[in-house]
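An overview of the molecular structure
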Amino acid sequence: MDQVDQVDQVDRLDRAGRLAAYGAALVMTPYALIKISWVVGAVAGLLPIGDGFDLTGWVVLNTATIGMAAIGIAVALGLVRPWGMRIPGPPVAFVAWVGTGFLVPLLPYAVLDSLLGLSGGAPHRHEDSGPSMPGWEAALIQLSFVGMGLGLALALPAYLRRRWPEVFEGRVGDDGERSSWPVLWAAGIAAVIGLVWVYWALGGTAGVAHPADREAAGRLLTGVWGTWALVASAATWILSHRRPARLPRWVPLTLGWLGTGSLFAWSGWRLPITLYVAIAHPTDVSLPENLAFAAVLQVAAVAAGVAMLPVLVRSRRLPTARDAATASA
């Protein structure tokens, strides 16, 4: 009877994941359409461009975010459609890792920001907002990101269980392996980075060049990034040291996936902006952190996120091409 109940539970989770994948693709569509309208309107001279941008920069930025939205929609559909099971595993895993790293860690921020009213519930800085964005556009953008994050949070585990069930089976310590020193060093670096970001979020000023420029919403977002960095470090440590033994493997695996994805995705996104401000010195754009220190942290975060991946993808039996062919049948 227990086995039957377990199978029913897996089936319910799979159905929920499939519905969530379709929902994620649907809810991201308004964001893509809004961004397309911004690009077309700016080029045609019908809409103003964002503060701090010329026409070229505004078009390039929003075209990039349109592409990211299109990739997000494609990934969501790939998690539920049969063709998604036939795509080679590494590209699917990488895109999903980056996508969930961008969106899922923002869910706590969106909730806290809405409750505290720090920035009107918009989790994006001015470079992703229209110059005179009406309330309904802001609401749709917020809905798109929160909905996509929730959808991927449910759809991705269901997809991974269908394609590589052995990765999630068992408990911590079943594989009998310990991680190499680069993974452990990466976990330690991630912990240090997380502590620095949490320190900044709590009001610390060491490493901050312009403390007065820090807004409450920015500090909250920095705290969220720091928390996920600490989560990634802790999950990697648990899987590396096989402690606590008998903990279901999927728990630290899922948390580690989200935490390392957040480190890689958000630091990889912020690093070019930091370098641009440091090199170009634009008069209308500034960052509160010491730019050199912030860039070092972001480079280290990207490297740590990648370096911790081996302990997350390792399993008692690695997925093979035969596994993928069987899953897609």
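The following paragraphs examine the structure supplied in this document.

The rules behind these values
Residues numbered from 1 in each chain as written. Predicted model: local features only at pLDDT ≥ 70, side-chain atom pairs only at ≥ 80, totals over all residues. Heavy atoms only, no water. Helix = DSSP H or I, 4+ residues; strand = E, 2+ residues; numbered from the N terminus. Buried < 20%, exposed > 50% of the residue type's maximum accessible area, 1.4 Å probe, protein only. Contact = heavy atoms within 4.5 Å. Salt bridge = Lys/Arg side-chain N within 4 Å of Asp/Glu carboxyl O. Expected span 1.5 Å × (residues − 1). Polar contact = N/O pair within 3.5 Å; in protein donor to acceptor, adjacent residues only side chain to side chain. Phe/Tyr/Trp six-rings, centres within 6.5 Å; stacked < 30°, edge-to-face > 60°. Lys NZ or Arg CZ within 6 Å of the ring centre and 35° of its normal.

1. Notes on the overall build of the protein chain
Looking only at helices and strands, one finds 12 helices and zero strands in the protein chain. Ordered by position from the N terminus, the helices and strands of the protein chain form the series α-α-α-α-α-α-α-α-α-α-α-α. Counting all 329 residues of the protein chain, 46% fall into the buried class. For the protein chain, contacts bridging at least 24 residues in sequence account for 81% of all contacts bridging at least 6.

2. What about the pattern of salt bridges?
Any two side chains of opposite charge can pair, on the condition that their charged atoms come close. Applying the stated criterion across every chain, the model contains two salt bridges. Among the ionic pairs, arginine 18 bridges to aspartate 14, the shortest N-O distance being 2.8 Å. One end of the pair is arginine 18 and the other is aspartate 14, both in helix α1 (residues 2-44) and four residues apart, which spans about a single turn. Accessibility expressed as a relative area gives 32% for arginine 18, which makes it partly exposed. Take aspartate 14: its relative accessible area is 17%, and that puts it in the buried class. Across the pair arginine 162 and aspartate 14 runs a salt bridge whose closest N-O atoms are separated by 2.6 Å. Taken together, the residues span a long stretch of sequence, with arginine 162 in helix α5 (residues 135-163) and aspartate 14 in helix α1 at a distance of 148 residues. What you see here is one network of salt bridges that share partners, running through Asp14, Arg18 and Arg162.

3. As for helix α10 (residues 291-307)
The end-to-end C-alpha separation of α10 is 24 Å, in line with the 24 Å expected for 17 residues at 1.5 Å each. Among all positions in α10, only Ala294, Ala295, Leu297, Gln298, Ala301, Ala304 and Gly305 are buried. The elements touched by buried residues of α10 are α3 (89-103), α7 (181-201), α9 (250-280) and α11 (309-313). Capping the start of α10 is the job of one residue whose side-chain oxygen sits 3.2 Å from the backbone nitrogen of alanine 292: asparagine 290.

4. Re the environment of glycine 261
Locating glycine 261 in the fold gives a position in helix α9. The exposure class of glycine 261 is buried, given its relative accessible area of 1%. In the structure, glycine 261 is positioned 160 residues away from glycine 101 in sequence and 3.8 Å away in space, judged by C-alpha atoms. If near-sequence neighbours (up to four positions away) are discounted, glycine 261 is found in contact with Trp97, Gly101 and Trp266.

5. Comments concerning the side chain of serine 262
Position of serine 262 relative to the elements: it lies in helix α9. Apart from the residues within four sequence positions on either side, serine 262 is in contact with Gly101, Pro105, Trp225, Trp228 and Ser267.

6. Here we look at the packing of aromatic side chains
Here the structure, examined in full by the defined rule, presents nine aromatic pairs. Summarising the aromatic geometry, the rings of phenylalanine 94 and phenylalanine 264 are spaced 6.0 Å apart at their centres and angled 75° between planes, so their arrangement reads as edge-to-face. Taken together, the residues span a long stretch of sequence, with phenylalanine 94 in helix α3 and phenylalanine 264 in helix α9 at a distance of 170 residues. For phenylalanine 94, a relative accessible area of 44% corresponds to the partly exposed category. With 5.2 Å between their ring centres and 75° between their planes, phenylalanine 102 and tryptophan 266 make a pair best called edge-to-face. Highlighted residues: phenylalanine 102 in helix α3 and tryptophan 266 in helix α9, separated in sequence by 164 residues. Of the residues examined, phenylalanine 102 reaches a relative accessible area of 15% and is grouped as buried. The class of tryptophan 266 is buried, set by a relative accessible area of 9%. Here the aromatic cluster, defined as three or more aromatic residues joined through ring pairs, consists of Phe102, Trp225, Trp266 and Trp269. Positioned above the aromatic ring of tryptophan 197, the side-chain terminus of arginine 270 is 5.3 Å from the ring centre.

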